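Spelled out, the chains give:
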Amino acid sequence: MTDTQTVAVYDARAADYAEMPFVQGSRVDLTAFLAAAPDGLLLDLGCGPGASAAEMAKHGRAVEAWDPSEKMLELAARHAGVTVRQQGFEALADLGTD
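Values in this document were obtained by computation on a predicted structure and should not be read as measured data.

Visitor: I tried to follow the environment of Met56 on my own but got confused; where do I start?
Guide: With respect to the element layout, Met56 can be found in helix α3 (residues 51-58). A relative accessible area of 5% places Met56 in the buried class. For the pair Met56 and Val82, spaced 26 residues apart in sequence, the C-alpha separation works out to 8.7 Å. Setting aside anything within four residues of it in sequence, one finds Met56 in contact with Leu30, Phe33, Leu34, Leu42, Asp44, Arg61 and Val63.

Encoded structure:
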């Protein structure tokens, strides 16, 4: 179950996280990951403001970004090619059960 107090903190500080230097897309190095990842949808769990998801999308990959924080997802959704879903890690247990 998602911790609502923790999510509230991330909601309140989402803009601050988006401004952190290590979060900026130009500073995120996903080259090795992208080279190793098979074709298909990439899932960015706990995407925060979406810098990593945006970098993956810039490389032509289909990306779904998950985060339980609504405010983080608002920022992540601004990146071209990134689909967002308000969801916590617990939803992983339901993948592939359809």
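We are not done yet, so read on.
Visitor: How should I be thinking about helix α1 (residues 4-19) in this particular structure?
Guide: Under the 1.5 Å per step criterion, the end-to-end length of α1 is 23 Å for 16 residues, consistent within 8% with the ideal 22 Å. At Arg13, α1 shows its strongest bend, of approximately 65 degrees. Buried within α1 are the following residues: Val7, Ala14 and Ala18. Contacts made by the buried residues of α1 are with α4 (70-76). Measuring from the side-chain oxygen of the N-cap residue of α1 to the backbone nitrogen of Gln5 gives 3.1 Å; that N-cap residue is Asp3.

Visitor: Could you clarify how one ought to interpret the pairing of strand β3 (residues 82-86) in this entry?
Guide: Residues in a regular strand project their side chains so that they alternate between the two faces of the sheet. One ladder, built from five bridges, connects strand β2 (residues 63-67) with β3; its direction is parallel. Counted as the bridge partner of Glu64 is Thr83 from β3. For the crossover from β2 across α4 to β3, the handedness is right-handed.

Visitor: Help me understand the sheet that holds β2, please; the structure alone is not making it clear to me.
Guide: Hydrogen bonding along the main chain pairs the strands of a sheet, whether they run parallel or antiparallel. In spatial order, the strands read β1-β2-β3; together these three strands make up an open sheet with parallel pairing. Every interior strand has two partners, whereas the edge strands, β1 (42-45) and β3, have only one. Averaged over all pairs of adjacent strands, the angle between strand axes in this sheet comes to 25 degrees, irrespective of strand direction.

Visitor: Looking at this model, I keep getting lost on the pairing of β1. Mind explaining?
Guide: In β1, alternate side chains face the same way, and those of Leu42 and Asp44 are buried while those of Leu43 and Leu45 on the opposite face are not. Pairing of β1 with β2 involves four bridges; the strand directions are parallel. Residue pairing across strands places Asp44 opposite Ala65, the latter belonging to β2. What joins β1 to β2 is α3, and the crossover it makes is right-handed.

Calculation notes
- Residues numbered from 1 in each chain as written.
- Predicted model: local features only at pLDDT ≥ 70, side-chain atom pairs only at ≥ 80, totals over all residues.
- Heavy atoms only, no water.
- Helix = DSSP H or I, 4+ residues; strand = E, 2+ residues; numbered from the N terminus.
- Buried < 20%, exposed > 50% of the residue type's maximum accessible area, 1.4 Å probe, protein only.
- Contact = heavy atoms within 4.5 Å.
- Expected span 1.5 Å × (residues − 1).
- Bend = angle between axes of the 7 residues up to and from the residue.
- Polar contact = N/O pair within 3.5 Å; in protein donor to acceptor, adjacent residues only side chain to side chain.
- Pairing = 2+ DSSP bridges.
- Right-handed = clockwise from strand over helix to strand, strands pointing away.
- Axes fitted to C-alpha atoms, helices over the stretch in contact; angles between N-to-C directions.

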